[in-house]
Amino acid sequence: MKNWKKNAIVASILVFVCAGIYLNWLYTQDTEVVSLTDTLNEEKILGATTLVMSQNNNAAVDAAQEDLQDDAQEVDGTVTDYFAAVRLSRQQSRDSAVTMLQEAMAYGEEADASSASAELEEIVSTALCEAQIESLVIAKGYTDCVAYMSEDGISVAVAAPEEGLQEADVALISDIVLAQADYSLADIRIVEVK
């Protein structure tokens, strides 16, 4: 009986995730795709409550760009579509992982199904945590935000205010991440998107 309930919950969550992917796809299908480096200013990578203004720190720039995916969109000088493109790309990669895990659960042995179920729960937990962080950052007055959690840390891309992100902004965003996720301050990367 418990197994049936667990499967019903997982199935309902997957339906919601698929619906979100479909809506994101509908929203972004008519826009043109450009490189992520066209929309990110790689000189302004924030981390550990300080602004890193150096092109010598290419490892941090590369890690942030890799974490935030390879595709971005920009229309009429706005970054709104950038955030939608990153969310869509993130969701598509999660959906493919979920599909593989569901197949493993359906066709695998009990041990494989148990491990796949645990990984599926981790994906759902990560997605919920990212959504909470994004919602809280937007609630603090920022135009848009996208968070991407990985084993190495969390990257948070924030639409920059006109005056740019200040140390107080970095501290506020870092505080939100620390309250919602189990990362240390050194694991948080904040990327300013203009």
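Treat the numbers as computed from the prediction; the structure is a model and nothing was measured.

Parameters and conventions
Residues numbered from 1 in each chain as written. Predicted model: local features only at pLDDT ≥ 70, side-chain atom pairs only at ≥ 80, totals over all residues. Heavy atoms only, no water. Salt bridge = Lys/Arg side-chain N within 4 Å of Asp/Glu carboxyl O. Helix = DSSP H or I, 4+ residues; strand = E, 2+ residues; numbered from the N terminus. Buried < 20%, exposed > 50% of the residue type's maximum accessible area, 1.4 Å probe, protein only. Phe/Tyr/Trp six-rings, centres within 6.5 Å; stacked < 30°, edge-to-face > 60°.

K.L.:
Provide a residue-level description of the pattern of salt bridges, including the pertinent values.
P.N.:
One pass over the structure, following the stated rule, counts five salt bridges. Where Arg 87 meets Asp 144, a salt bridge forms, and the shortest distance between an N and an O atom there is 2.7 Å. Taken together, the positions of Arg 87 in helix H4 (residues 80-107) and Asp 144 in the loop between helix H5 (110-139) and strand S5 (145-149) put the pair 57 residues apart, joining distant regions of the chain. In terms of burial, Arg 87 and Asp 144 fall into one category: buried. The closest approach of N and O atoms between Arg 90 and Glu 134, which form a salt bridge, is 2.8 Å. Placement of Arg 90 in helix H4 and of Glu 134 in helix H5 is noted, with a sequence separation of 44 residues between them. Here the two residues Arg 90 and Glu 134 agree in accessibility, since each one is buried. A cluster of three or more residues bridged by salt bridges with shared partners is formed by Arg 87, Arg 90, Arg 94, Glu 130, Glu 134 and Asp 144.

K.L.:
I'd love a proper account of the packing of aromatic side chains, names of residues and values included.
P.N.:
Applying the stated criterion to the full structure yields one aromatic pair. Here the aromatic rings of Tyr 82 and Phe 83 are separated by 5.1 Å at their centres, their planes lie at 75°, and the arrangement is edge-to-face. For the pair Tyr 82 and Phe 83, a shared accessibility class is recorded, and that class is buried.

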